[in-house]
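The residues making up each chain are set out below.
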Amino acid sequence: MYVYADNAATTAMSKTAIRAMEPYFDTIYGNPSSLHSVGQRAAEALMEQRAKVAACLGAKPEEIYFTSGGSEADNQAIRSAALLGAKKGKRHIISSAFEHHAVLHTLKKLEREGFEVTLLDVGPLGLIRPEDVAAAIREDTALVTIMYANNEVGTIQPIAEIGAICREKKVPFHTDAVQAVGHIPVDVDKDHIDMLSLSAHKFHGPKGVGVLYCRKGQPLLTFIEGGAQERGRRAGTENLAGIAGLAAALEEAVSHLDENAAHMTALRDKLIDGLSQIPHSRLNGDRARRLPGNVSFCFEGIEGESLLLLLDAKGVAASSGSACTSGSLDPSHVLLALGLPHEIAHGSLRLSLSEYNTEEEMDLILKAVPEVVAYLRDMSPVWEDLEKGVKHHAI
Ligand SMILES: *Cc1c(COP(=O)(O)O)cnc(C)c1O
């Protein structure tokens, strides 16, 4: 048995999504911009997919812009709001310290271009406080961008409250909802969201396709120049197969949201209870306000990288944090934002589940992780110092 528990990095495609893509490779292969009937058939199909996606978010079809994924949607939403704000003398942006790099690196670049960025503290439990957002908003604030749910520690932010504050203060509000859409209820109206990013491959759709939702009346700048696709906001012949896969996966996820969440929550809680038994371990992020499939732990005295390699050998695919930081030795910026010291943040493990996981697989994980942690601690000089009392345990 091999257990895939890295669904926050990417998911396997659902059979429904694969089947939904197939006709677009050799049957409905026209270019939606062509005037002939082959093209028009594709244009109609594109309209249908757009309407399906909009319905899943509580949006209107003309508010949906297809992109190459979550990163592109984040880049466009943030740069667009920043540059439009600057035209009115507004050069201040509010975000949080534990956003995805698609957001943080875009903000870094804007800082070099003269924008001022306030990164809100996320506290020890990984939750942003709406009152901190309210207090940070200024006359010259061009944008608030706060993620819906964190990709490493799984905490779900009070998005509806933050959205209401932004609406009242007339500041555009963007949310990176890549980890939330298809996993927990998201409604752009109820949540007062002006712009939202999502990505198909995080909910059993294909890689390389996503959506930027942009509320009617909220202006949006173009960054990929060319044809007039996506109402002139994103040029390039539409990835119709990918879009159909995205729409099918999203519909499937949203229509089974409650039962999937119940299944994953039961598996998640079994893992959390079991892993908490390991001495000097800690759960990262709020226990209740977290994604149904997220389990994030730190184990004192070990290195996350070695833990992952040994777990892989025992048949468990997991992550030490975001895929973007793995391969480098820097501890995760998310765990540091929670206030964890470097040496603790290094020993992190993220298990992210999907509805495809089973209880039997959780038993395998609960056998493998304690064995590997004990093995690594046996070889660790840091652990030896802790056990001898030369150093004090931090957790
Ligand atoms: C995966 C992810 C992204 C990037 O999406 P891509 O489609 O891979 O570009 C952005 N934000 C969050 C929170 C993510 O988990």
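Residues numbered from 1 in each chain as written. Predicted model: local features only at pLDDT ≥ 70, side-chain atom pairs only at ≥ 80, totals over all residues. Heavy atoms only, no water.

1. Some words on the packing of aromatic side chains
Applying the stated rule across the entire model yields one aromatic pair. We note arginine 91 situated over the ring of phenylalanine 115; from NZ or CZ to the ring centre the distance is 4.8 Å. (Phe/Tyr/Trp six-rings, centres within 6.5 Å; stacked < 30°, edge-to-face > 60°. Lys NZ or Arg CZ within 6 Å of the ring centre and 35° of its normal.)

2. Notes on the pairing of strand E12 (residues 348–352)
Successive side chains on a regular strand alternate, one facing one side of the sheet and the next facing the other. Among the five residues of E12, five are classified as buried, and the element is accordingly described as predominantly covered. One ladder, built from five bridges, connects strand E10 (residues 294–299) with E12; its direction is antiparallel. Counterpart to cysteine 298 in the pairing with E12 is serine 348. (Buried < 20%, exposed > 50% of the residue type's maximum accessible area, 1.4 Å probe, protein only. Helix = DSSP H or I, 4+ residues; strand = E, 2+ residues; numbered from the N terminus. Pairing = 2+ DSSP bridges.)

3. Let's talk about the site of the ligand
Residues in contact with the ligand amount to 13 residues; listed here are only the nearest, Ser71, Asp176, Gln179, Ser199 and Lys202. One of the side-chain N or O atoms of serine 71 is found 2.7 Å from an oxygen atom in the ligand. In the environment of the ligand, an oxygen atom lies 2.7 Å from a nitrogen or oxygen atom belonging to the side chain of lysine 202. Contact with the protein chains hides 87% of the accessible area of the ligand, taken as 380 Å² for the molecule alone. No other element matches the three residues that helix H4 (residues 70–87) contributes to the shell around the ligand. (Near = heavy atom within 4 Å. Polar contact = N/O pair within 3.5 Å; in protein donor to acceptor, adjacent residues only side chain to side chain. Areas by Shrake-Rupley, 256 points an atom, 1.4 Å probe, with all protein chains shown as cover.)

4. Observations concerning the confidence of the model for the protein
Confidence along the protein averages 96 in pLDDT terms, with 98% of residues attaining 70 or more. Taking the mean pLDDT of every element in the protein, the minimum, 90, falls on helix H12 (residues 342–345) and the maximum, 99, on strand E6 (residues 173–176). (pLDDT = per-residue confidence, 0-100.)

5. What to know about the sheet that holds strand E3 (residues 92–96)
Reading across the sheet, the seven strands line up as E2-E8-E7-E6-E5-E3-E4 and stay open at both edges, with mixed pairing between neighbours. Across the chains shown, the open sheet's two edge strands, defined by having one partner strand only, are strand E2 (64–67) and strand E4 (116–120). When strand polarity is set aside, the average angle formed by the axes of neighbouring strands in this sheet is 20°. Bridge count for E3 against strand E5 (residues 141–145) is three bridges, and the pairing is parallel. If you follow isoleucine 94 over to E5, its bridge partner there is valine 144. Set on the sheet, helix H3 (residues 37–57) makes contact with E2, strand E7 (195–199) and strand E8 (210–214); between it and E2 the angle comes to about 110°. (Axes fitted to C-alpha atoms, helices over the stretch in contact; angles between N-to-C directions. Contact = heavy atoms within 4.5 Å.)

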